[in-house]
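What the coordinates show
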Amino acid sequence: MNQYLLSSIDKAAEVIGKTWPLYSFVASNPLAGYEKGPFLEAVSAAQKQFNANVFPAAKLYRQAWEKGDIDLKVLDHLLKENGFTKPADDYLKLLEGHQVLEEVNGNHNLDRLTVKWLSAFMDEGLSEWEMPYKSEGFYTAWRLLVIYDTELGTTSLKDIPKTSAAALGKLLNGYPESQYVEIFSQHLAALPGWVGYIKHRTESNSDWQQNFPIDLMDYLAVRLWMAQKLNVTLLPEETEANTDDFLLRLQFIWLQAWEKSWQNELVLSMENGANIPQTIDKPIVPDAQMVFCIDTRSELIRRHVESNGNYETFGYAGFFGIAMDYQSPKDGITRKACPPIVSSAYTVSESAQVDKKGQFLSYEKKNERMKFGNYFLKRMKNMLPSAFGYVEGSGVYYGLSLLARTLIPGAIYRKNQQNVSPMEATCQPDIVNISQENRDLPGVTLEEKVSIVKSAFDLMGWKEFAPLVLFVGHGSHSANNPFGSSLDCGACAASPGRHNARMLAKLANLLQVRKALAEIHGILIPENTLFLGAEHNTTTDEIVLFDSEAPETHKLLIEDLKVNLWRAQQSATQNRLGTNGNSLSKALEKANNWGETRPEWGLAKNAGFIVGPRDLTKNTNLDSRCFLHSYDWELDTTGKALEGIMQGPMVVTQWINNHYYFSTVDNNTYGGGSKITHNITGKFAVMQGNGGDLKMGLPLQSLYSSDQGMYHQPLRLTVMIHAPINRIVGILERNSHLKSLLDNEWIYLMVMDPEQTNEVFKYKKTLIWESASSNKASGAQRALNTSTLTELAV
């Protein structure tokens, strides 16, 4: 019986995506459980399951059309191809006049009571008084306390089964096993945000989960028991479908036309980049090379860095290939610092630089004082005996602080700003295998260190090394922002990328690593090449160098670089913020204004992922819409580097893209709602107002320029790869999960084949391709012989 219950719960929960906590807000596809099916079928099922919109609202199509983002020729062709013969505007008016979803009368009282108990149990330190019996687990704690809940009437403890499995067995008595999945699906989908966070806790097995366990069986047992007490049927009667297949198909066609219109522009810009002749007198070796995260925000800063000096930039996933957790000396907490789909292999911590042990001890002591001060202030504010006196006594100070942060936020940020924190100025990162709790054991082997560095060079297609090479992670800065971690590096599990960047730079500077790279792999790094970690602040576009250990031989180069990076910051903020005035001051104000709802736009507007050499995009303004991963197909003779990019970064960018897509098309269900009425819950999530479901996605202000005005364009991800098409066919044949994402239309794939005069081909289905080059007639695209490609790929 228990085994069947577990399998039924697992099946019902497959379609519920994980909800990530605010402190590590990772972008993910909320419909990840549906990815095994075709996109249209999946979103149709999700619309019914969650009573949620799954396509852009008609007003967004109208905005895109009037702006010229939807090509009328493309739209007309798709409409006629699908049997729609009227003018496009007639169909848009039809969508505008139809309310796709109607309000469903759910079990609001049952939801409210369920949320009340979940909030109390799952609190992660926000509440001063802890719920009793938490260490016994959710079901047991609830069982021991629910007898005092007058909202549920009189209950005797002996009437409540001792385990959640026993409770479900009793509650489901009389229902056939064939209905278990349907019952569980209904009640899991009622609060997908809370259920998603329970999934996250159980899968991550965090300290909170280990100390205060909860699982979906506990959740269902509690909810279904309360449903019975409230006389709510466990399996509600089926209602008429609130969707119309005709309207759904019509919405899908408009989406496809929008996507196709953008793809046509992308193809044209890529072809233009491929046709630009290389400058003959271009210096062979640049003054500095900078490796940025593939993040869409890097596209803008890379353009401005390149235009301010003889610099070369690369794109690489922002965790820089180190599958690590990072232990912060500030609070002692170890956090994941690599993609969620990657298992951490190493732990990175900090130790004193060789000649700065005294400064490091001073930093540690200051840090301890700050931690005590913060703890003391929190206790004073929250303890009942001192709360009122504390408010009275500190009111003037907080009032002045609030006034200053409102009127002169930029000046305060500038005053408090430190280019390099005391930690980076006095510490160096150390790496050990994650299983090595005893630090006296041997550290990471030379072979592992060499492998980490070589993998980075392989994926980026490195040919020459400049005297300065920067690994530039990225982080964001904003005030009073519960969603602040969503603006940090997604590849670092919503942490800043500076720690990974510093670690890779240290490994690449090791003499024994360089020697092994030369002797074993033929990678020759000049003696005068210095690797440095750095960080790009995506709110202010400042790039900070961690150069406290740089030798005197490179000081002049570094100072020149800093001047040019400051110039790049000036021009980049002007470009990004759309002002010719003092754009830097405006950026600093956004970074420190406690009332700023849009400190920056994050990855909004993302629509493409380009894998190829920088020359293809260097002369094009992609408007921060594309992830850019460096790749040289000629250096990747085995295709392993490209396969790694498609298995890792391509999948992660698809998660990000869908996170933004669904947060935009239904911000209430899949997004974060309005920041104006956010209420932080248990330190790990927000609710809208004083109750309800946890918000699992991005807030309204991160996606819309106003309540009605669109900023992010909800399009599915288009991947463009510069490589021989036969190589990609072979990769898809070896990776069925990637082929499934393409066949089910969760991702578009386009290939610019350098062996076929850079002609662009678009993946259709089942390894069928068609030409998508701009010089091909729209109705005469030629299909490729996939059997020949398959033979070539083997």
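To start, this report covers the structure provided alongside it. (Residues numbered from 1 in each chain as written. Predicted model: local features only at pLDDT ≥ 70, side-chain atom pairs only at ≥ 80, totals over all residues. Heavy atoms only, no water.)

1. Side note on the overall build of the chain
The criterion, for reference: In this text, helices come from DSSP runs of H or I with a minimum length of four residues, and strands from runs of E with a minimum of two, each type numbered from the N-terminal end. A contact between two residues is defined here by any heavy atoms of the two lying within 4.5 Å. Every accessible area reported is derived by Shrake-Rupley at a probe size of 1.4 Å, with residue values counting cover from the shown protein chains alone.
In terms of helices and strands, the chain carries 28 helices and 17 strands. A separation of at least 24 residues holds for 73% of the contacts in the chain among residues at least 6 apart in sequence. A total of about 35,500 Å² of accessible surface is found on the chain, and carbon and sulfur atoms cover 52% of it.

2. Examining unusual backbone geometry
Of note, Phe 320 is a non-glycine position whose phi angle comes to about 55 degrees, a positive value. Mapped onto the fold, Phe 320 is located in the loop between β2 (311-316) and β3 (324-327). One non-glycine residue with positive phi stands out, namely Lys 605, at about 80 degrees. Structurally, Lys 605 is set in the loop between α23 (583-592) and β10 (608-612).

3. A look at the sheet that holds β10
Applicable threshold: Only when DSSP finds a minimum of two bridges between them are two strands counted as paired. Note on geometry: axes are C-alpha line fits, over the in-contact stretch for helices, and angles between N-to-C directions span 0 to 180 degrees.
Taken together, the six strands give an open sheet; going across it, the order is β11-β10-β14-β15-β16-β17, and neighbouring strands pair in mixed fashion. Of all strands in the sheet, those bounded by a partner on one side alone are β11 (626-630) and β17 (769-771). Averaged over all neighbouring strand pairs, the angle between strand axes comes to 20 degrees, with direction disregarded. As paired strands, strand β14 (residues 717-722) and strand β15 (residues 747-753) are joined by six bridges and run parallel to one another. Residue pairing in the sheet places His 722 in a bridge with Met 752 of β15. Sheet strands touched by helix α26 (residues 725-734): β14, β15, β16 (759-763) and β17. Its angle to β15, the strand with the most contacts, is close to 145 degrees. Strands β15 and β16 of the sheet are contacted by helix α27 (residues 736-743), whose axis makes an angle of about 105 degrees with β15.

4. Quick word on the nonpolar core
For clarity, the cut-off: To define a nonpolar core, start from buried Ala, Val, Leu, Ile, Met, Phe, Trp, Tyr and Cys residues and group those joined through side-chain atoms within 4.5 Å. Any residue under 20% of the maximum accessible area for its type is buried, any over 50% is exposed, and the rest in between are partly exposed; the area is computed with a 1.4 Å probe on protein chains only.
Formed by 207 residues in total, the largest nonpolar core has its most connected members in Phe 184, Trp 254 and Phe 471. Counting residues per element, this core draws most heavily on helix α13 (residues 245-275), which supplies 13 residues. Setting aside anything within four residues of it in sequence, one finds Phe 184 in contact with Leu 5, Ser 8, Ile 9, Ala 12, Leu 168, Leu 172, Leu 220 and Leu 224. Core analysis: the next-biggest nonpolar cluster, separate from the first, contains 21 residues, Ile 301, Tyr 311, Ala 534 and Ile 558 among them.

5. Re the pattern of salt bridges
A side chain of one charge can pair with a side chain of the opposite charge if their charged atoms are brought near each other. For the record, the criterion: Salt bridge, as applied in this entry: a Lys or Arg side-chain nitrogen positioned within 4 Å of an Asp or Glu carboxyl oxygen.
Evaluated as defined, the whole model comprises 28 salt bridges. Among the ionic contacts, a cluster of salt bridges with common partners joins Arg 62, Asp 89, Lys 93 and Glu 96.

6. A word on the environment of Met 122
Along the chain, Met 122 turns up in helix α6 (residues 108-122). Overall, Met 122 belongs to the buried group, its relative accessible area being 0%. C-alpha separation for the pair Met 122 and Lys 683, spaced 561 residues apart in sequence, amounts to 9.8 Å. If near-sequence neighbours (up to four positions away) are discounted, Met 122 is found in contact with Trp 194, Tyr 197, Ile 198, Arg 201, Ile 214 and Phe 684.

7. Re the packing of helix α19 (residues 446-460) against helix α20 (residues 498-509)
Short version of the rule: We call two directions roughly parallel when the angle between them is under 35 degrees, roughly antiparallel when it is over 145, roughly perpendicular when it lies between 65 and 115, and oblique otherwise.
Interhelical geometry of α19 versus α20 gives an angle of 110 degrees and a closest axis separation of 10 Å. Between α19 and α20, the angle falls in the class roughly perpendicular. Between α19 and α20, the contacting residues are Lys 449, Ile 452, Val 453 and Ala 456 on the first element and Leu 504, Leu 507 and Ala 508 on the second.

8. Considering the sheet that holds strand β5 (residues 346-352)
Spatially, four strands are ordered β4-β3-β5-β6 in an open sheet, and the strand pairing comes out mixed. The sheet is open, and its two edges are formed by β4 (334-336) and β6 (427-433), each paired on a single side. Going across the sheet, the axis of each strand differs from the next one's by a mean of 30 degrees, ignoring polarity. Contacts from α20 reach β3, β5 and β6 within the one sheet, and its direction differs from that of β6 by about 85 degrees.

9. Details of empty space enclosed by the protein
Operational definition: Buriedness of a pocket was judged along seven lines, with at least five required to meet protein on both sides within 12 Å; pockets are open sets of points on a 1 Å grid over the protein atoms alone, cavities are sets where a 1.4 Å probe fits but cannot get out, and lining residues have an atom within 4 Å of a point. Grid points are joined across faces, edges and corners, and a volume is the space filled by probe spheres set on the points. Asp, Glu, Lys and Arg are counted as charged, while Ala, Val, Leu, Ile, Met, Phe, Trp, Tyr, Cys and Pro are counted as nonpolar; the rest, among them Gly, fall into the polar class.
According to the stated counting rule, one finds eight cavities of 30 Å³ or more in the structure shown. Of the volumes computed, that of the largest cavity is approximately 110 Å³. Forming the boundary of the largest cavity are 13 residues, of which Phe 25, Val 26, Ala 27, Ser 486 and Leu 603 lie nearest the centre. Reported here for the second largest cavity is a volume of approximately 60 Å³. Around the second largest cavity sit Arg 302, Ile 610, Gly 612, Pro 613, Arg 614, Thr 617, Leu 628, His 629 and Ser 630, which together line it. Residue assignment for the lining of the second largest cavity shows that the elements contributing at least two residues are β10 and β11. With three residues, β11 is the single largest residue contributor to the lining of the second largest cavity. Here the residues of the lining of the second largest cavity sort into three nonpolar, four polar and two charged.

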